[in-house]
Amino acid sequence: MVVKGVQFRNHRVVGGILELAERYCAEGADELVFYDITASPDDRSVDRSWVTQVARVLDIPFCVAGGIRSVADAEDVLNKGADKISINSPALAKPALITELAKRFGSQCVVIGIDSREEHGNYFVYQYTGDPGKTIAAQRLTMDWVTEVQQRGAGEIVLNCMNQDGVRKGYDIEQLAAVRAVCNVPLIASGGAGAKDHFLQVFEQANVDGALAASVFHSAEIPIPDLKDYLAKNQVDIRR
Amino acid sequence: MSKIAIIDSGGANIASLVFAFERLGRSAELTTDAAVIRSADRVLLPGVGAAKNAMDRLADAQLIDVIRGLKQPVLGICLGMQLLLEGSEEENVECLGVVPGIAARLPSTPACPVPNMGWCATRKTSDHALLNDIPDDSYFYYLHSYALPVSDCTLATANHAKPFSAVIGRDNFVAAQFHPERSSTAGAQLLSNFLDDSL
């Protein structure tokens, strides 16, 4: 099932995986990311038969995140038809894993997810964010980690701005712009989208390569075709 | 019905290509068997990852000369396109050499990070049956760090800081730098065209 929370808490079910995958594909989403948010905190891996089912129906790229702790895990997910793998907590636990994955599969399918929160005027990385009881500060500054993962071979960074997650007040432009300045690989904004103009702001002001959202699409509050028309009218280069 | 062979080049994304043909109502055989490849009506050479690793795998499977000698339509995809060239700047690897040119590293600029990952508008520069019924400037999905500069084999281009070859053709060998299997309806049209008798 697909669930969505607010600031990584109080998750509720929003639909079936295949049903949502097909819906978003038909509506014109450019890419889908599937997060198994409980995979790392529970110290278990995903049941991955669903990856093949998703790969069969989707004709757009998709990324799988959660529970990928080794080259073998990654190979399993990619062989089942995922285009990219995203790792977060396991990369923090073992940064050398990023290099191993990039060497084996190429940087283009290695996405690093970073959960970041502003505190006392600085940005810090958080770990095990799928379970509020287990979430911990990773003792790393976000900017340092962004730099390190690129050196280790990350091909894309998804920055989840935790202060903004699920609250629909707009992306964390300030933080994303700061990360953009040190990020030479594609950067995807995540957390906070609540209105069409939030998407425009993040492309215009933080110069990100992509914008990820969940709540507003799950609720159908922002239909994807409307959003794309709006962005294209405002000179954002986007597939329609 | 014509037989479709997909050369198993060891890349991890090959399942999605098989599924793309399933969505077209066709089955494709994933293989490293020279006899199956030679007897197929259509051959695909997909690939992701490093060029040298992929060439080593083709050599280990004794497929280098098999591929060079194919006379039926062959479609290279992504890294598979680069493998059809004379070589790649990536680790200075020698490739199959059935299409002239060397894959070069994409320029990295603040506006155009490398790898190039995402949807790019793709413009036809030449008429070819592979591109039939695909509107100009259709978006296709790209995932790559190297590309063939525009050459006289170029059939379509896309931009990443500057234009590069998005689709190429030479004799029976055609190739796409993007992933048609992940490029929505435009990609499905290209795969369908590749199966068409007019090719």
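A quick note: this is a predicted structure, and the numbers were derived from the prediction, not measured. Counting restarts for each chain: residues are numbered from 1 in the order of the written sequence. Lettering of chains starts at A and numbering of ligands starts at 1, both following the order in which they are written. Confidence filtering applies because this is a predicted model: local features only for residues at pLDDT of at least 70, side-chain atom pairs given and counted only at 80 or more, and all residues used for totals across whole chains, interfaces and linings.

Caption draft 1: Focus on the overall build of chain A. Every helix listed is a DSSP run of H or I at least four residues long, and every strand listed is a run of E at least two residues long, numbered separately from the N terminus. Across its full length, chain A holds ten helices and eleven strands. For the exposure call, what matters is how many other C-beta atoms sit within 10 Å of a residue's own: 20 or more marks it buried, 12 or fewer exposed, and in between partly exposed, using C-beta atoms placed from the backbone. For chain A, the residues scored as buried account for 47% of the 240 residues in total. A separation threshold of at least 6 residues defines the contact pool for chain A, and within that pool the share at least 24 residues apart is 63%. We call two residues in contact when their backbone-placed C-beta atoms lie within 7 Å.

Caption draft 2: A look at the interface of chain B and chain A. Each partner contributes to the interface: chain B provides 26 residues, whereas chain A provides 25 residues. Sorting the residues of the side of chain B that touches chain A by element identifies helix H1 (14-23), strand S8 (116-124), strand S9 (138-144) and helix H6 (184-195) of chain B as the ones contributing at least two each. Per element, the largest residue contribution to the side of chain B that touches chain A is six residues, and it comes from H1(B). Polar here means any residue outside two lists: the nonpolar Ala, Val, Leu, Ile, Met, Phe, Trp, Tyr, Cys and Pro, and the charged Asp, Glu, Lys and Arg; Gly therefore counts as polar. Classifying every residue of the side of chain B that touches chain A by side-chain character gives 14 nonpolar, nine polar and three charged.

Caption draft 3: Seen up close, the packing of helix H1 (residues 17-27) of chain A against helix H2 (residues 49-57) of chain A. All names here are of chain A. Comment: axis = line fitted to C-alpha atoms, over the contacting stretch for helices; angle = value between 0 and 180 degrees taken between N-to-C directions. In contact at an axis separation of 10 Å, H1 and H2 are set at 25 degrees when each is read in the N-to-C sense. Comparing the axis directions of H1 and H2 gives the class roughly parallel. As H1 packs across H2, the resulting crossing turns out to be right-handed. Listed contacts from H2 to Ile-17, Leu-18, Ala-21 and Glu-22 of H1 are Trp-50, Gln-53, Val-54 and Val-57. Among the residues making up the contact of H1 with H2, the classes are represented as six nonpolar, one polar and one charged. By definition in this entry, angles of less than 35 degrees are roughly parallel, angles greater than 145 are roughly antiparallel, angles of 65 to 115 are roughly perpendicular, and the rest are oblique. For any helix crossing, the convention is left-handed if the near helix is rotated counterclockwise from the far helix by under a right angle, and right-handed if that rotation is clockwise.

Caption draft 4: Spotlight on the packing of helix H7 (residues 173-180) of chain A against helix H8 (residues 196-206) of chain A. Residues and elements named next belong to chain A. One way to put it is that H7 packs onto H8 with a least axis distance of 9 Å and a crossing angle of 35 degrees. Crossing of H7 over H8 shows right-handed handedness. Every residue of H8 that contacts H7 at Ile-173, Leu-176, Ala-177 and Arg-180 is listed here: Gln-201, Val-202, Gln-205 and Ala-206. Residue composition of the contact of H7 with H8, grouped by class: five nonpolar, two polar and one charged.

Caption draft 5: The arrangement of the sheet that holds strand S7 (residues 102-105) of chain B in detail. Residue and element names in this part refer to chain B. Pairing between strands is defined by DSSP: at least two bridges between them are needed. Taken in spatial order, the four strands of this open sheet run S6-S5-S7-S10, and their pairing is mixed. If you trace the sheet from one side to the other, it starts and ends with strand S6 (93-94) and strand S10 (146-147), each paired once. Inspection of the sheet shows S7 paired to S10 by two bridges, in the antiparallel sense. Looking at S10, one finds that Ala-104 is bridged to Ala-147.

Caption draft 6: Representation of the sheet that holds strand S2 (residues 28-31) of chain B in the model. Residues and elements named next belong to chain B. Overall, mixed pairing links the nine strands, which are arranged S2-S1-S3-S4-S13-S12-S11-S8-S9 in an open sheet. Of all the strands in the sheet, the pair left with one neighbour each is S2 and S9. Neighbour to neighbour, the strand axes of the sheet diverge by 30 degrees on average, direction disregarded. Pairing of S8 with strand S11 (residues 154-160) involves two bridges; the strand directions are antiparallel. Looking at the pairing, Arg-123 lines up with Thr-157 of S11.

Caption draft 7: Inspection of the pairing of strand S12 (residues 162-170) of chain B at higher detail. Residues and elements named next belong to chain B. Note that S11 and S12 share six bridges and pair antiparallel. Looking at S12, one finds that Ala-158 is bridged to Phe-164. With antiparallel pairing between neighbouring strands as the criterion, S11 and S12 make up a hairpin whose turn holds one residue, including Ala-161 at a positive phi of roughly 70 degrees. Sheet topology note: the S12/strand S13 (residues 173-176) ladder contains four bridges and is antiparallel. The partner of Val-167 across the bridge, within S13, is Ala-176. As consecutive antiparallel partners, S12 and S13 are separated by two residues, and within that stretch Asp-171 has a phi angle of approximately 55 degrees, a positive value.

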